[in-house]
Amino acid sequence: MRTRNFGRVAALSAALLFGGATAATTATAATAPPSEVYAEVTAADIADPGAVITDSPAELAAARTASQAIAWYSSRTGSTAYQGYCEKAARLSWNRVTHHASAIEHWQSSDGARHTTGTPPKGAFVFWNISAYGHVGIADGSGGVWATSVGGAIGHAKQSYFGSYLGWKPGNGN
């Protein structure tokens, strides 16, 4: 029984790289006894929705948090540099690898579960159907959003600022 559980822990540890873990650590995790596993997965790790799950140290280093995505917008308050490029701004705020041609394409894609009810959590992508290309911003978690086109520039507004709300998808750096 102990061997069977160790195999599960080792496999899970090998699949998850948390801060400070390396590829060598996960190789060690697959062969070492539990006392020598450097990136031991705990119940707190699994319960933490902010835990970063990734396949490579490079992706781990590039991943952002919801607070960092919001800070990206906040630091650009008043900028008109992204007018007409809301999807690009949302992608850059999360330092995303995945690109979508427009906000509406992002909304319609299989890139994340669509939610049409409830308050979008902090860092979630929030979508509106205000043009053929749609519109996207980032939720503040309290019913507000950071987006382009708030008074003609990047700004913070209530979620209802833009009409034709579609819903939200979890924010991420995929």
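Here the structure is a predicted model, which means the values were calculated and not measured.

Cut-offs and rules
Residues numbered from 1 in each chain as written. Predicted model: local features only at pLDDT ≥ 70, side-chain atom pairs only at ≥ 80, totals over all residues. Heavy atoms only, no water. Helix = DSSP H or I, 4+ residues; strand = E, 2+ residues; numbered from the N terminus. Contact = heavy atoms within 4.5 Å. Phe/Tyr/Trp six-rings, centres within 6.5 Å; stacked < 30°, edge-to-face > 60°. Buried < 20%, exposed > 50% of the residue type's maximum accessible area, 1.4 Å probe, protein only. Lys NZ or Arg CZ within 6 Å of the ring centre and 35° of its normal. Salt bridge = Lys/Arg side-chain N within 4 Å of Asp/Glu carboxyl O. Polar contact = N/O pair within 3.5 Å; in protein donor to acceptor, adjacent residues only side chain to side chain. Core = buried A, V, L, I, M, F, W, Y, C linked by side-chain atoms within 4.5 Å. pLDDT = per-residue confidence, 0-100.

Undergrad: Which residues make up the environment of Pro121, and what values go with them?
TA: Here Pro121 lies in the loop between helix 7 (103-108) and strand 1 (125-128). In sequence terms Pro121 and Lys169 are 48 residues apart; their C-alpha atoms lie 9.2 Å from each other. Apart from residues lying up to four places away in sequence, Pro121 is in contact with Ala139, Gly141 and Trp168.

Undergrad: Describe the packing of aromatic side chains, naming the residues involved and giving the relevant values.
TA: What describes a pair of aromatic rings is the distance from one ring centre to the other and the angle between the planes of the rings. Tallied over the entire structure, the rule returns 5 aromatic pairs. Each ring, one from Tyr161 and one from Phe162, has its centre 4.9 Å from the other, and the planes form 85°; the classification is edge-to-face. Judged by its relative accessible area of 44%, Tyr161 is partly exposed. Through successive ring pairs, a cluster of aromatic residues spans Trp72, Tyr73 and Tyr82. Residue placement shows Arg114 over the ring face of Trp107; its charged tip is 5.8 Å from the ring centre.

Undergrad: Talk me through the environment of Arg96; I want residue IDs and the actual numbers.
TA: Mapped onto the elements, Arg96 comes out in the loop between helix 6 (86-94) and helix 7. Look past the residues within four positions of Arg96 in its chain and what remains in contact with it is Arg91, His106, Asp111, Phe125, Asn172, Gly173 and Asn174.

Undergrad: Could you give me a rundown of the pattern of salt bridges, with the residues and numbers involved?
TA: In the structure shown here, the tally under the stated rule is 1 salt bridge. The residue Arg96 makes a salt bridge to Asp111 at a minimum N-O spacing of 2.2 Å. Here Arg96 is found in the loop between helix 6 and helix 7, whereas its partner Asp111 is found in the loop between helix 7 and strand 1, with 15 residues between them in sequence. By relative accessible area, which is 5% here, Arg96 ends up buried. For Asp111, a relative accessible area of 15% gives the class buried.

Undergrad: Could you give an account of the environment of Lys169, with specific residues and numbers?
TA: The topology assignment puts Lys169 in strand 5 (residues 165-169). Between the C-alpha atom of Lys169 and that of Ala113, which follows or precedes it by 56 residues, the distance is 5.7 Å. Excluding residues that lie within four positions of it along the chain, Lys169 makes contacts with His106, Trp107, Ser109, Asp111, Gly112, Ala113, Arg114, Ala124, Phe125 and Phe127. Reaching out from Lys169, the side chain makes a polar contact with the backbone oxygen of His106 at a distance of 2.6 Å.

Undergrad: Account for the nonpolar core, with residues named and values stated.
TA: Formed by 18 residues in total, the largest nonpolar core has its most connected members in Tyr73, Phe125, Val136 and Ile138. Residue assignment for this core shows that the elements contributing at least two residues are helix 5 (66-74), helix 6, helix 7, strand 1 and strand 2 (135-139). Considering every element that reaches this core, the biggest residue donor is helix 5, with 5 residues. Among the nonpolar cores identified, the runner-up in size contains 10 residues, and Ala124, Val150, Phe162 and Trp168 belong to it.

Undergrad: Explain the confidence of the model for the protein to me, using residue names and the numbers behind them.
TA: Model confidence for the protein is summarised by a mean pLDDT of 76, while 64% of its residues fall at 70 or above. Scored below 50 in pLDDT, residues 1-54 shows 49 contacts in the model against residues more than four places distant or in partner chains.

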